[in-house]
Amino acid sequence: MTAKRIDGKAKAEQLAEAIKAQTAVLLKDHGIRPGLAVVIIGEDPASQIYVRNKKRRAEACGFHSVQHTLDENVSQADVLGLIDELNNDDAIHGILVQLPLPDHLDEQTITQSILPSKDVDGFHFVNIGKLTAGHTQDAFVPCTPAGCILMIEDELGPDFSGKNAVIIGRSNIVGKPMASLLMQRNATITVTHSRTSDLPSVVRNADIVVAAVGRPDMVKADWIKPGAVVIDVGINRVEKTIDGETKSRLTGDVDYDDVCRVASAVTPVPGGVGPMTITMLMSNTLRSARLSAGLPG
Ligand code: NAD
């Protein structure tokens, strides 16, 4: 079997076009332009790239987009002061603080200071609680798992009854919300992590595999049930030497070429989950703008 390559980039672009069209309607009919504020602290090169991509996508969707770049040594009080300003700014519907933060800042205090109604990353405890309780009508779902679910639905339809799903990784950003979303679609869930014993044999039961670990090419073909749908969230930078030349490239947590021999569909890295994550951020921001006007999300 040669698996289908799930083209997250193409799907993300299609969705972004729809978001752009809805943004134009919201502006024309209600005078509201969705506003996204991104706060970046310090010089982390990967974060700089992510923030640049988010800003570009926001502008392409027709959003009001602002970026606040703060010094590596900024005080926690100053960060909280800026978030307070953005919470009170009617032109801003979504606030995102790019993670990771420098060590002297408390990530939890900062993410929890964003108003739940502007928390387009879905990290506020109110949004996590609503997602866990299945109350997603007015919650913001974290962008990466939200994008993964859309790609799985494209392969399996909207109802995963009778399917086993195995998530590798239990982070608050990916693994845990992924479990809630898959459960809401009636899949039977196993969440695995670094303390799981005999991980390959657990994964072999899965009709749906979501890998969010941060270990290059960890998931191999002999872990995969024939016909499974495999979603690779991992982003790992590795050095590879080809013809004597060493180059840096991105790879996922799934050994793509190997797993493609067994699975029915696999997301590539890059070009899979990453672009969908950014587009779901735009979707959440548009939703926030609509909700702020009393319109359905
Ligand atoms: P994290 O470090 O918070 O969590 C990693 C998880 O993997 C932990 O739960 C840990 O228990 C588990 N783990 C570690 N080693 C393991 C092992 N040997 N076997 C099984 N489980 C193991 O990471 P995260 O924030 O969830 O991110 C995971 C990966 O996904 C990273 O590569 C990150 O860069 C990537 N990521 C990508 C996107 C995207 O948009 N594509 C978004 C978020 C994260």
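Since this is a predicted model, take the numbers as computed values, not measurements.

Let's shift gears to the sheet that holds strand 4 (residues 94-97). In any sheet, the strands associate via hydrogen bonds between backbone groups, in a parallel or an antiparallel arrangement. Strands sit in the order 3-2-4 across an open sheet of 3 strands; the sheet is parallel. Edge positions in the sheet fall to strand 3 (64-70) and strand 4, since each of these pairs with one other strand and no more. Sheet twist, expressed as the mean angle between neighbouring strand axes with direction ignored, is 15°. Where strand 2 (residues 35-41) lies against strand 3, 7 bridges are found, and the strand directions are parallel.

Let us look at the site of the ligand. The immediate surroundings of the ligand are formed by 20 residues, with Arg170, Ser171, Val233, Ile235 and Thr277 found nearest. Between Ser171 and the ligand, the recorded distance is 2.6 Å, taken from a side-chain N or O atom to an oxygen atom. In the environment of the ligand, a nitrogen atom lies 3.4 Å from a nitrogen or oxygen atom belonging to the backbone of Val233. When the free accessible area of the ligand is taken as 850 Å², the share hidden by the protein chains comes to 71%. In terms of residue count, the dominant contributor to the shell around the ligand is helix 10 (residues 273-292) (3 residues).

Here we come to the domain arrangement of the chain. For the chain, the assigned domains are domain 1 (29-115) and domain 2 (143-275). With centres defined by C-alpha atoms, the gap from domain 1 to domain 2 works out at 28 Å.

This next bit is on the nonpolar core. By size, the foremost hydrophobic cluster in this structure holds 49 residues, and its most contacted members are Ile152, Met178, Leu182, Val210, Ile231, Val233 and Met282. Take this core: its biggest share by element is 8 residues, from helix 10. Two domains share this core, each providing at least three of its residues, namely domain 1 (29-115) and domain 2 (143-275). Excluding residues within four positions of it along the chain, Met178 makes contact with Pro145, Cys148, Ile149, Ile152, Ile167 and Val210.

On to helix 10. For helix 10, with 20 residues, the first-to-last C-alpha span of 28 Å sits near the 28 Å given by 1.5 Å per residue. Backbone geometry just after helix 10 places Gly294 at a positive phi near 75°.

A separate point is helix 1 (residues 8-30). The terminal C-alpha atoms of helix 1, which comprises 23 residues, lie 32 Å apart, in line with the 33 Å expected from a rise of 1.5 Å per residue. Among all positions of helix 1, only Gly8, Lys11, Ala12, Ala16, Ile19, Thr23 and Leu26 are buried. On its buried face, helix 1 is in contact with helix 2 (45-60), helix 6 (143-156) and helix 10. In this structure Asp7 caps helix 1, since a side-chain oxygen of it lies 3.2 Å from the backbone nitrogen of Lys9. Remark: Gly31 follows helix 1 within two positions and exhibits a positive phi of approximately 70°.

Attention shifts here to the sheet that holds strand 8 (residues 229-232). Pairing within the open sheet is parallel, and its 6 strands lie in the order 1-11-8-7-5-6. The open sheet has two free edges, formed respectively by strand 1 (4-5) and strand 6 (188-192), since each of these has just one partner strand. As paired elements, strand 5 (residues 164-168) and strand 6 share 5 bridges and run parallel to each other. Bridged to Val166 within strand 6 is Thr190. Sitting on the sheet, helix 7 (residues 175-184) touches strand 5, strand 6 and strand 7 (208-211), and the angle it makes with strand 5 is about 170°.

Definitions and cut-offs
Residues numbered from 1 in each chain as written. Predicted model: local features only at pLDDT ≥ 70, side-chain atom pairs only at ≥ 80, totals over all residues. Heavy atoms only, no water. Pairing = 2+ DSSP bridges. Helix = DSSP H or I, 4+ residues; strand = E, 2+ residues; numbered from the N terminus. Axes fitted to C-alpha atoms, helices over the stretch in contact; angles between N-to-C directions. Near = heavy atom within 4 Å. Polar contact = N/O pair within 3.5 Å; in protein donor to acceptor, adjacent residues only side chain to side chain. Areas by Shrake-Rupley, 256 points an atom, 1.4 Å probe, with all protein chains shown as cover. Domains from an automatic or database assignment. Core = buried A, V, L, I, M, F, W, Y, C linked by side-chain atoms within 4.5 Å. Buried < 20%, exposed > 50% of the residue type's maximum accessible area, 1.4 Å probe, protein only. Contact = heavy atoms within 4.5 Å. Expected span 1.5 Å × (residues − 1).

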